Amino acid sequence: MCKGLSYLPSSCLEKAKEMRVKLSHLAETHHKHKVHDGKAFQDLETLLNTKSGLQAFRGFLRSEFSEENLEFWLACEDYRVSPSKTKASSIYSQFINHDAPQEVNLDAETREALLSVMDSLCADSFNKAQQRIYNLMAKDSFPRFLRSAH
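The residue numbers shown here count from 1 along each chain, following its written sequence. The predicted nature of this model means local features are confined to residues of pLDDT at least 70 and side-chain atom pairs, given and counted, to a pLDDT of 80 or more, with totals for whole chains, interfaces and linings taken over all residues. Note that water and hydrogens are dropped before the side-chain values are worked out from all heavy atoms of the structure.

Draft legend 1. Focus on the overall build of the chain. When helices and strands are counted, the chain shows seven helices and zero strands. Helical segments are the DSSP runs of H or I of at least four residues, strand segments are the runs of E of at least two, and each set is numbered from the N terminus. When the helices and strands of the chain are listed from N to C terminus, the series reads α-α-α-α-α-α-α. Within the chain, buried positions represent 27% of all 150 residues. Residues count as neighbours in contact if any of their non-hydrogen atoms are within 4.5 Å of one another. Here the contacts in the chain between residues at least 6 apart in sequence split such that 54% fall between residues at least 24 apart. Only the protein chains shown count as cover for residues, with accessible areas throughout obtained via the Shrake-Rupley method and a probe of 1.4 Å. When the accessible surface of the chain is totalled, it reaches about 10,200 Å², and 56% of it is carbon and sulfur. Under the scheme applied here, a residue whose accessible area is under 20% of the maximum for its type counts as buried, over 50% as exposed, and between as partly exposed, the area being computed with a 1.4 Å probe on protein chains only.

In structure tokens form, the structure reads like this:
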């Protein structure tokens, strides 16, 4: 049935060789970009410190309906840079309060500790809660992000 490549016209063989070269070049280029992206996003900290990484991660979390952890982490970063009572109240009502619209998953101890310091806030008031959410993203969301097509 199949007589092999020797029975094909030489013009077909030449075209096939050209296509193979082009395809191998494209595959190699794609692999280099994928490896580069993989290096750029090997850890959550690196990802969060790059604009493209942050955008990609936010898009991924949005697709999973779990963007609140990232938004909380970013709000805490903003608060740490320029703390204010207004920002603290906003973070608490948006993310920490039991009926918050974007409630993050914090243990009762951390939640109560935050409630107790709401009257005497400082720049690092949200650090423990922020670290817990960061760890949650690093162990849960980030590995799924890396496995996704992002």
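Draft legend 2. Fine view of the packing of helix α3 (residues 51-63) against helix α7 (residues 127-147). Axis definition: a line fitted to C-alpha atoms, over the contacting stretch in the case of helices. Angles run 0 to 180 degrees between N-to-C directions. For the pair α3 and α7, interaxial distance at closest approach is 10 Å and the crossing angle is 95 degrees. It follows from the interaxial angle that α3 and α7 lie roughly perpendicular. Taken together, the residues of α7 that come into contact with α3 (itself represented by A56, F57, F60 and L61) are M137, S141, F142, R144 and F145. Gly falls in the polar group here, along with every residue not listed as nonpolar (Ala, Val, Leu, Ile, Met, Phe, Trp, Tyr, Cys, Pro) or charged (Asp, Glu, Lys, Arg). Of the residues belonging to the contact of α3 with α7, the class tally is seven nonpolar, one polar and one charged. For this classification, under 35 degrees means roughly parallel, over 145 means roughly antiparallel, 65 to 115 means roughly perpendicular, and everything else is oblique.

Draft legend 3. Region of the structure containing the nonpolar core. Grouped together as the largest cluster of nonpolar side chains are 16 residues, with contacts concentrated most on F72, I91, F95, I96, L106 and F126. For this core, the secondary structure elements donating two or more residues are α4 (68-81), α5 (85-96) and α7. A total of five residues in this core trace back to one element, the largest contributor, which is α5. Here F72 is in contact with I91, F95, I96, V104, A129, Q130 and I133, once residues within four sequence places are set aside. Residue types Ala, Val, Leu, Ile, Met, Phe, Trp, Tyr and Cys, when buried and joined through side-chain atoms within 4.5 Å, form a set referred to as a nonpolar core. If you look at the next biggest cluster of nonpolar residues, it comprises 14 residues, including L48, F57, W73 and F142.

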